[in-house]
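# Structural characterization, general
Each chain, letter by letter, is given below.
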Amino acid sequence: LNQELSKKYIKSLDGDEAKETFSYWVLEHLKMSGAYWGLTAMSLMDGLGEMDRDEGIRFVQSCHHESGGFSGNADHDPHLLYTLSAIQIL
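## Looking at the overall build of the protein
Within the protein, the regular secondary structure consists of 5 helices and 0 strands. Reading the protein from its N end, one meets helices and strands in the order α-α-α-α-α. Over its C-alpha atoms the protein spans a radius of gyration of 13 Å, differing by no more than 12% from the 12 Å that the globule rule assigns to 90 residues. Here the C-alpha coordinates of the protein stretch approximately 40 × 30 × 20 Å along the principal axes. Across the 90 residues that make up the protein, the buried fraction comes to 26%. The long-range fraction of contacts in the protein, counting pairs at least 24 apart against all pairs at least 6 apart in sequence, stands at 56%. Element-wise, carbon and sulfur atoms account for 56% of the exposed surface of the protein, whose accessible area totals about 6,400 Å². Both charge centroids of the protein, one from 7 positive and one from 14 negative side chains, sit 6 Å from each other.

## Section: a nonpolar patch on the surface
A contiguous nonpolar patch, built from Phe-22, Val-26, Leu-27 and Leu-30 and spanning about 390 Å² of accessible area, is present on the exposed surface. As for its position among the elements, Leu-30 is in the loop between helix H2 (22-26) and helix H3 (31-44).

Reading the values: the criteria
- Residues numbered from 1 in each chain as written.
- Predicted model: local features only at pLDDT ≥ 70, side-chain atom pairs only at ≥ 80, totals over all residues.
- Heavy atoms only, no water.
- Helix = DSSP H or I, 4+ residues; strand = E, 2+ residues; numbered from the N terminus.
- Rg over C-alpha atoms; globule rule 2.2 N^0.38 Å.
- Buried < 20%, exposed > 50% of the residue type's maximum accessible area, 1.4 Å probe, protein only.
- Contact = heavy atoms within 4.5 Å.
- Areas by Shrake-Rupley, 256 points an atom, 1.4 Å probe, with all protein chains shown as cover.
- Lys, Arg positive; Asp, Glu negative; His and termini not counted.
- Charge placed at Lys NZ, Arg CZ, Asp CG, Glu CD.
- Patch = residues over 30% accessible without salt bridge, like charges linked within 9 Å, V, L, I, M, F, W, Y side chains within 5 Å.
- Salt bridge = Lys/Arg side-chain N within 4 Å of Asp/Glu carboxyl O.

What follows is the structure in structure tokens.
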């Protein structure tokens, strides 16, 4: 496993170039789960410090709803799966 290449790929998944792809937009409802798995992978490769902690917290907070649940992305409906991922991230 080339950890540096893997970490670079994970960090690129939310970059400006990724946002130009079709798959980025059709999978936007899965972003919370993707964030959890990306952060978990970065942690396993001792790369968690390379991630922007404040940006991650802002994203999770933007998915929080009055009901107490979290959605997969901002402006989506809350769901138990994304609530679990949000709690695990925080």
